[in-house]
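Here are the chains, one letter per residue:
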Amino acid sequence: MKTTGTDISGHMLPLVEEFYSVQGEGINTGRAAYFVRIGGCDVCCSWCDTKYSWNAELHPMVDIESIAANVAAAGADSVVVTGGEPLMWDMGPLCDLLRSGGTETFLETSGAYPLTGKWDWITLSPKKNSPPLPEILNVANELKVVIQDGTDFEEAEKYSHKVGPGCKLLLQPEWSRYREMISAITEYVKKNPRWRVSLQAHKFMHIP
Ligand code: SF4
């Protein structure tokens, strides 16, 4: 069911788009996943490639049962909830519903809002405009820092000392600066092997 308006219970969410594809970023690159893009973000990264998601009011409020039904129909065993910034909404009900059906739940967040929902994997991608909350740094499974210029390496190191000991560390070139930054990133990883390179593989594959 689709409708308009607001809902703070987490049972209705502003849905920008949903599609079954392959994870293109981070440690889980290459894994099939159903993507659910939630509307709303006030972090305002200049290079954001999903600016169409920022205004939640432009997107229909969809009940979570519909989303779960579409996940099941696709045959997906995991869902990546992304945005926008999904944590502007209560993710608890959606996670509970998906997990009750045996679906793994993966989150992509800037960490700027309090954590809700139960997650099998949390990807934290901190942004300079809105630093992540300590509670999310503590539980992130992977720290994915977007590298736009040389100063971002310092940011990456700063956050790497705030995440938990098992957190994977990833450096990802900002897509429009790929050619300028990929050499610096690979050299950095060679000198600092606790980091790995993350590419937006889905863009190279021309898939959503
Ligand atoms: Fe875009 Fe994500 Fe930054 Fe929000 S946090 S502006 S969705 S890149």
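Caption draft 1: How the structure looks around the pattern of salt bridges. Evaluation of the coordinates by the stated rule reveals 11 salt bridges. The shortest N-O distance in the salt bridge between Asp77 and Arg31 comes to 3.6 Å. Placement of the pair is Asp77 in the loop between helix H1 (64-74) and strand S5 (78-82) and Arg31 in the loop between strand S2 (12-22) and strand S3 (32-38), with a sequence separation of 46 residues. Judged by relative accessible area, Asp77 falls into the partly exposed class, the value being 44%. What makes Arg31 partly exposed here is its relative accessible area of 27%. Close ionic contact of Arg194 with Glu157 constitutes a salt bridge, the shortest N to O distance being 2.6 Å. On the criterion of sequence distance, the pair formed by Arg194 in the loop between helix H5 (178-191) and strand S10 (195-197) and Glu157 in helix H4 (residues 151-160) is long-range, its members being 37 residues apart. A relative accessible area of 41% places Arg194 in the partly exposed class. Judged by its relative accessible area of 19%, Glu157 is buried.

Caption draft 2: Region of the structure containing the packing of H1 against helix H2 (residues 92-100). Here H1 crosses H2 at 35 degrees, and the two axes come no closer than 10 Å. The two elements H1 and H2 cross, and the hand of that crossing is right-handed. Contact residues: Ile64, Glu65, Ile67, Ala68 and Val71 in H1; Pro93, Leu94, Leu97 and Leu98 in H2. Taken together, the residues that form the contact of H1 with H2 break down as 8 nonpolar, no polar and 1 charged.

Caption draft 3: The site of the ligand, seen in detail. Neighbouring the ligand are the residues Cys41, Val43, Cys44, Cys45, Trp47, Cys48, Thr50, Trp54, Gly84 and Lys127. Residues belonging to the shell around the ligand are distributed by class as follows: 7 nonpolar, 2 polar and 1 charged.

Caption draft 4: Examining the state of the cysteines more closely. Applying the stated criterion across every chain yields a total of 0 disulfides. In this structure Cys44 is not part of a disulfide, and its nearest cysteine sulfur, from Cys41, lies 6.7 Å away. For the unlinked cysteine Cys167, the closest cysteine sulfur is that of Cys95, found at 18 Å.

Caption draft 5: The arrangement of the nonpolar core in detail. Membership of the largest hydrophobic core comes to 44 residues, with the highest contact counts inside it found for Met91, Leu94, Leu143, Leu171 and Trp195. Residue contacts for Leu171: discarding those within four places in its chain leaves Val145, Ile147, Phe153, Ala156, Ile185, Tyr188, Val189, Trp195, Arg196, Val197 and Ser198. Of all hydrophobic cores here, the second largest spans 6 residues; its members include Ala33, Phe35, Val80 and Phe106.

Caption draft 6: Spatial organisation of H2. Along H2, the residues classified as buried are Gly92, Pro93, Leu94, Cys95 and Leu98. In the stretch just after H2, Gly102 is the one whose phi turns positive, near 85 degrees.

How each quantity is defined
Residues numbered from 1 in each chain as written. Predicted model: local features only at pLDDT ≥ 70, side-chain atom pairs only at ≥ 80, totals over all residues. Heavy atoms only, no water. Salt bridge = Lys/Arg side-chain N within 4 Å of Asp/Glu carboxyl O. Helix = DSSP H or I, 4+ residues; strand = E, 2+ residues; numbered from the N terminus. Buried < 20%, exposed > 50% of the residue type's maximum accessible area, 1.4 Å probe, protein only. Axes fitted to C-alpha atoms, helices over the stretch in contact; angles between N-to-C directions. Left-handed = near helix turned anticlockwise from the far one by under 90°. Contact = heavy atoms within 4.5 Å. Nonpolar A, V, L, I, M, F, W, Y, C, P; charged D, E, K, R; others polar. Near = heavy atom within 4 Å. Disulfide = S-S within 2.5 Å. Core = buried A, V, L, I, M, F, W, Y, C linked by side-chain atoms within 4.5 Å.

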